[in-house]
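# Summary of structural features
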Amino acid sequence: MTHIPKDVELAPSTYYLLDKNYKLIHQGKVRDTFELDKERLLVVASNRISIFDFVLNAVVPYKGEYLTALTHFWLNTIPTAPPNHLTNEKSDDLDEILARDYLIVKNMKGQLDPYELIFRICLGGSVYKKYIESRVVAGITLPDGLHKWAELPSILFTPSTKAEVGHDINIVQEEYYNAMPRGREFVVMLREFLQKASDYALSKGIMILDTKFEGSSSSMMLADEILTPDSSRYVKIEDYKAAIENVSEPAFMDKQIVREWGLKVKTPWGTGINNLDPSNPDHLSFVDQLEVPTEVIGQVAQKYQDLFQSLTGLGLSEYQEKFMGLKN
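## Remarks on the environment of Phe 252
Within the secondary structure, Phe 252 sits in the loop between helix 6 (237-246) and helix 7 (256-264). The class for Phe 252 is buried, based on a relative accessible area of 4%. A C-alpha to C-alpha distance of 16 Å links Phe 252 and Lys 204, two positions 48 residues apart in sequence. Apart from the residues within four sequence positions on either side, Phe 252 is in contact with Trp 149, Leu 209, Arg 233, Tyr 234 and Lys 303.

## Here's the deal with the environment of Trp 74
Structurally, the position occupied by Trp 74 is in helix 2 (residues 63-77). Of the residues examined, Trp 74 reaches a relative accessible area of 0% and is grouped as buried. Counting along the chain gives 154 residues from Trp 74 to Thr 228, while the straight-line C-alpha distance between them is 9.0 Å. Once residues lying within four places of it in the same chain are set aside, the contact partners of Trp 74 are Ala 81, Phe 193, Ala 197, Tyr 200, Ile 226, Leu 227, Tyr 234 and Leu 311. Reaching out from Trp 74, the side chain makes a polar contact with the side chain of Tyr 234 at a distance of 3.2 Å.

## Observations regarding the pairing of strand 4 (residues 48-51)
Consecutive side chains of a regular strand alternate in pointing toward one face of the sheet and then the other. Burial of the side chains of strand 4 extends over both faces: Arg 48 and Ser 50 are buried on one face and Ile 49 and Ile 51 on the other. As paired strands, strand 4 and strand 5 (residues 54-59) are joined by 3 bridges and run antiparallel to one another. Across the sheet, Arg 48 pairs through a bridge with Val 59, a residue of strand 5. Turn length for the strand 4-strand 5 hairpin, with the two strands adjacent in sequence and antiparallel, is 2 residues, and the turn residue Phe 52 shows positive phi of about 50°.

## Some details on the nonpolar core
Counting 79 residues, the largest nonpolar core has Trp 74, Tyr 176, Phe 213, Leu 227 and Trp 261 as the members making the most contacts within it. Excluding anything up to four places from it in sequence, Tyr 176 contacts Asp 113, Tyr 115, Leu 117, Phe 157, Pro 159, Ile 171, Gly 183, Phe 186, Val 187 and Ser 217. Leu 123, Ala 138, Leu 146 and Leu 156 belong to the second-largest nonpolar core, a separate cluster that totals 11 residues.

## As for the pattern of salt bridges
All told, the structure shown has 14 salt bridges when counted by the stated rule. The salt bridge involving Lys 29 is made with Asp 53; its shortest N-O contact spans 3.8 Å. On the criterion of sequence distance, the pair formed by Lys 29 in the loop between strand 1 (23-27) and strand 2 (31-35) and Asp 53 in the loop between strand 4 and strand 5 is long-range, its members being 24 residues apart. The class for Lys 29 is partly exposed, based on a relative accessible area of 26%. The partner of Glu 185 in a salt bridge is Arg 182, and the shortest N-O contact between them spans 3.1 Å. Through salt bridges that share partners, Arg 120, Asp 210 and Arg 233 make up one connected network.

Calculation rules
Here the residue numbers are simple positions, counted from 1 along each chain's written sequence. Residues qualify for local features only when their pLDDT is at least 70, as the model is predicted, and side-chain atom pairs are given and counted only at 80 or more; totals for whole chains, interfaces and linings, by contrast, use all residues. Excluded from the side-chain calculations are hydrogens and water; all other atoms, namely the structure's heavy atoms, are used. Runs of E in the DSSP output that reach at least two residues are strands. Runs of H or I that reach at least four are helices, and both are numbered from the N terminus. Each residue is assigned to one of three classes by its accessible area relative to the maximum for its type, calculated with a 1.4 Å probe on protein chains only: buried under 20%, partly exposed between the two thresholds, exposed over 50%. Only heavy atoms matter for contacts: two residues are in contact if any of them lie within 4.5 Å across the pair. Pairs of N or O atoms within 3.5 Å make up the polar contacts considered here, provided that, within protein, one atom can donate a hydrogen while the other can accept it, and that residues adjacent in sequence are counted only when both atoms are side-chain atoms. We call two strands paired when DSSP finds no fewer than two bridges between them. Take the buried residues of types Ala, Val, Leu, Ile, Met, Phe, Trp, Tyr and Cys, join any two whose side-chain atoms come within 4.5 Å, and each joined set is a nonpolar core. What makes a salt bridge here is a side-chain nitrogen of Lys or Arg within 4 Å of a carboxyl oxygen of Asp or Glu, nothing more.

Below, the structure written as structure tokens:
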């Protein structure tokens, strides 16, 4: 079970649903899942924020609404979006205000692949060190001379394990394909979808550097959040070009600023939350008591807003009213 600091455990929507006797069946780092019936689930995207597999004792205003709206946006914007678990339903007996941060989805219990399906348009993140060491990433030999965040010759699939507690572990492609009979076909479909999403984002001045999908290869169905700033790295094209020219990190349009804060936190075990173990009770207790600076929260909230407006051309409330049927 995911460890969540007590002060941020119950989002307003979650509290409301529990009060209405809805059954909470899973609580993740950000999302709370309720059972509507055997066929459908209700997934609430909270304002919680996590870094390095720790949920912080802080919330980002409107984050859950942005994540919900972006998942809705991508699945309804790309004409050839893969089959997915979104039903596009709304529940009449739920408060209209709270409906802004939840989606009703098909129940895919027992169907989801036990892997994180990570796709990289540019070379960075956790696999860059592996590239420097061997030129081999996920069992695939890459060209020599690629710098960090260089655009790859083609979208690279780098799966990892899916850990409920602790850190995910990168694996080679063949391990995933051997375990999932329709895995190759599923990866082809997801890669094509990401390419179309990337082309769209580029037309709006935004680059998608990488993303993480979850889904069921057996039923060829995409699930969970889709191309949100929690599951993907976004950057403005001009910022990317400047970073490559200056050999520096791009200014990501996501929670990277929170990660950077976390890297500098002094702990009893050294510097950086990234060096702590999310399965260690002492480490969890320490992180629970950390106070994330207000300015850091404000900056990451602005990143979510800027990304949403760049991609959709609309403010959050405008999109919710026009495309999600929510009155303001």
